[in-house]
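An overview of the molecular structure
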Amino acid sequence: MTIIRSRLLAYGVDAAWAELLAFVILIGSIALVCLIANFITQKILVRLVTHILRKHRYRWDEYLLRRKVFRVLSHLVPAMIIYWSAAAFPTYRKAIETAALTYLVAVTLVAISRLLSVLNDIYQTYDISKTKPIKGYIQVAKLVVIIVGIITVIARWMGESPAILLSGIAGLSAVFLLVFRDSLLGLVAGIQLSANDMVRVGDWIEMPNYEANGEVIDISLNTVMVQNFDRTVTMIPSYALISSSFKNWRGMLESGGRRLMRSLSIDMTSIRFCTPAMIDRFRKIDILTDYIESREKEITAYNDAHGIQDGTSINGRALTNIGVFRVYIIQYLRNHPDIDQEAPLIARQLASGKDGLPIEIYAFAKTTEFAVYETIQADIFDHLFAVIGDFGLELFQSPTGRDLKQISPSATDME
């Protein structure tokens, strides 16, 4: 600035005006140099680096470009020019250097944060990221970097060493524990979730306490994001997955099959011994032919051995329509192309009650896709509802208004 002022004085400019003009010209020159440097870095160097990286065969460069890391770093050049130019203003040197340093630290923090995000993006391209997510650790690293940067800036403005401020943090540990409680709990929970492989991105979980029933789409430091059936998103605190119970459907998905467990309620008044006419009709059902013939031989041999005559079924062994129907269900499922024949397959009676006799079907479909599974289940029960009458059985259901109307006396009868 002294050189500029001397030149102005040589041109005959008043001393007071020369001082002011020299100050303005110097600031304008520095600003112009900063603009030129920023233009060169952003329009030339950044574009050149981008062009080179796009020709590179590795995928990590795409994430660097997507996160605009180099564009952020280009802002360091003007700040460094201002920092080095502070010597030209002895009176304001410290303030200018501190302001420039603050800007340098802020830009550096943003660049480091984006680099950490790039690291997480690259990590997520590997299959291990589904079982061992690191997003929580990345967020912790960002938090530490930001804290260190803030302490450095504050120490600079105060004119003290950062070590002094860092030593004071120990005395504020209780405050930090209170302020960052969720983050610390989330960090511990994230470590436990990852170490025990309790939940992964893509898992289907149920957590009724948080009305969550859907797919895990993100695991972060503080929260686990779940997209529900209805496309709503539920945010669950990470530590809640450790402190509370939840259901993970991963085992079902990995097995390749989904359990089918539903029951039919049979009206117990329709259960009876099979008559010869019924047995003849059942014998004509292809999947029951072998069973009927083998059971008839077994029953006849038993009754003959014990001297039990025909027509006294109550004294000996005999087929019942409910028993034949259970066998029919099993044979029907054994021949169903969408039922896993290697998995358990049962048609069993549950305890009878006021709602009839439940016949529960326990089997596994060959698919885990929800829509296909529901279609398979519906088709099976559609068929069973349609054929149950052929076995002389009736389904139990609570009486409807129409039923009550049929059994109530008519107005004519009442008269």
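Notes on the structure follow. Predicted, not measured: the structure shown is a model, and the values here were computed from it.

1. Points about the pairing of strand 2 (residues 212-219)
Where strand 1 (residues 204-207) and strand 2 come together, four bridges link them in antiparallel fashion. Bridge pairing in strand 2 links tryptophan 204 to glutamate 215. Between the antiparallel neighbours strand 1 and strand 2 lie four residues, among them glutamate 211 with a positive phi of about 55°. Summarising the sheet, strand 2 and strand 3 (residues 223-228) pair through five bridges and their orientation is antiparallel. When the sheet's bridge partners are listed, aspartate 218 is paired in strand 3 with methionine 225. The antiparallel hairpin formed by strand 2 and strand 3 contains three residues in its connecting segment.

2. Overview of the pairing of strand 4 (residues 233-237)
Across five bridges, the pairing between strand 3 and strand 4 is antiparallel. Paired with methionine 225 across the two strands is methionine 235, which belongs to strand 4. Counted along the chain from strand 3 to the antiparallel partner strand 4, the turn is four residues long, and its residue arginine 231 has a positive phi close to 75°.

3. A short note on the nonpolar core
If you look at the biggest cluster of nonpolar residues, it comprises 36 residues, and the most contacted ones within it are Val324, Phe325, Ile329, Leu333, Ile380 and Phe391. Broken down by secondary-structure element, the contributors of at least two residues to this core are strand 6 (258-266), helix 14 (276-283), helix 15 (289-305), helix 16 (321-334), strand 8 (357-365) and helix 17 (370-387). Looking at this core element by element, the count peaks at eight residues for helix 16. Here phenylalanine 325 is in contact with Leu264, Val387, Ile388, Phe391 and Leu393, once residues within four sequence places are set aside.

4. Some remarks on the packing of helix 14 against helix 15
Direction vectors running N to C along helix 14 and helix 15 enclose 140°, while the axes themselves pass 8 Å from each other. Comparing the axis directions of helix 14 and helix 15 gives the class oblique. In this structure, helix 14 uses Ile279, Phe282 and Arg283 to contact helix 15, whose residues at the interface are Thr289, Ile292, Glu293 and Glu296. Class assignment of the residues belonging to the contact of helix 14 with helix 15 gives a composition of three nonpolar, one polar and three charged.

5. Some points on the sheet that holds strand 8
In space, the three strands of this open sheet follow the order 6-8-7, with antiparallel pairing throughout. Among the strands making up the open sheet, the edge pair consists of strand 6 and strand 7 (346-349). Each strand axis lies, on average, 20° off the axis of its neighbour in the sheet, ignoring direction. Direction of pairing for strand 7 relative to strand 8: antiparallel, over a ladder of four bridges. Residue pairing in the sheet places alanine 347 in a bridge with isoleucine 361 of strand 8. Where helix 16 meets the sheet, its contacts fall on strand 6, strand 7 and strand 8, and the angle it forms with strand 8 comes to roughly 10°.

6. Considerations on the pattern of salt bridges
Taken as a whole and judged by the stated rule, the model has six salt bridges. For the salt bridge of glutamate 296 with arginine 283, the shortest nitrogen-to-oxygen distance reads 2.2 Å. Of the two residues, glutamate 296 sits in helix 15 while arginine 283 sits in helix 14, which places them 13 residues apart along the sequence. The partly exposed category is assigned to glutamate 296, whose relative accessible area is 27%. For glutamate 298, the salt bridge is made with arginine 295, and the minimal N-O distance between the two is 3.4 Å. Of this pair, glutamate 298 and arginine 295 both sit in helix 15, three residues apart, which is roughly one turn of that helix.

Rules used throughout
- Residues numbered from 1 in each chain as written.
- Predicted model: local features only at pLDDT ≥ 70, side-chain atom pairs only at ≥ 80, totals over all residues.
- Heavy atoms only, no water.
- Pairing = 2+ DSSP bridges.
- Helix = DSSP H or I, 4+ residues; strand = E, 2+ residues; numbered from the N terminus.
- Core = buried A, V, L, I, M, F, W, Y, C linked by side-chain atoms within 4.5 Å.
- Buried < 20%, exposed > 50% of the residue type's maximum accessible area, 1.4 Å probe, protein only.
- Contact = heavy atoms within 4.5 Å.
- Axes fitted to C-alpha atoms, helices over the stretch in contact; angles between N-to-C directions.
- Parallel < 35°, antiparallel > 145°, perpendicular 65-115°, else oblique.
- Nonpolar A, V, L, I, M, F, W, Y, C, P; charged D, E, K, R; others polar.
- Salt bridge = Lys/Arg side-chain N within 4 Å of Asp/Glu carboxyl O.

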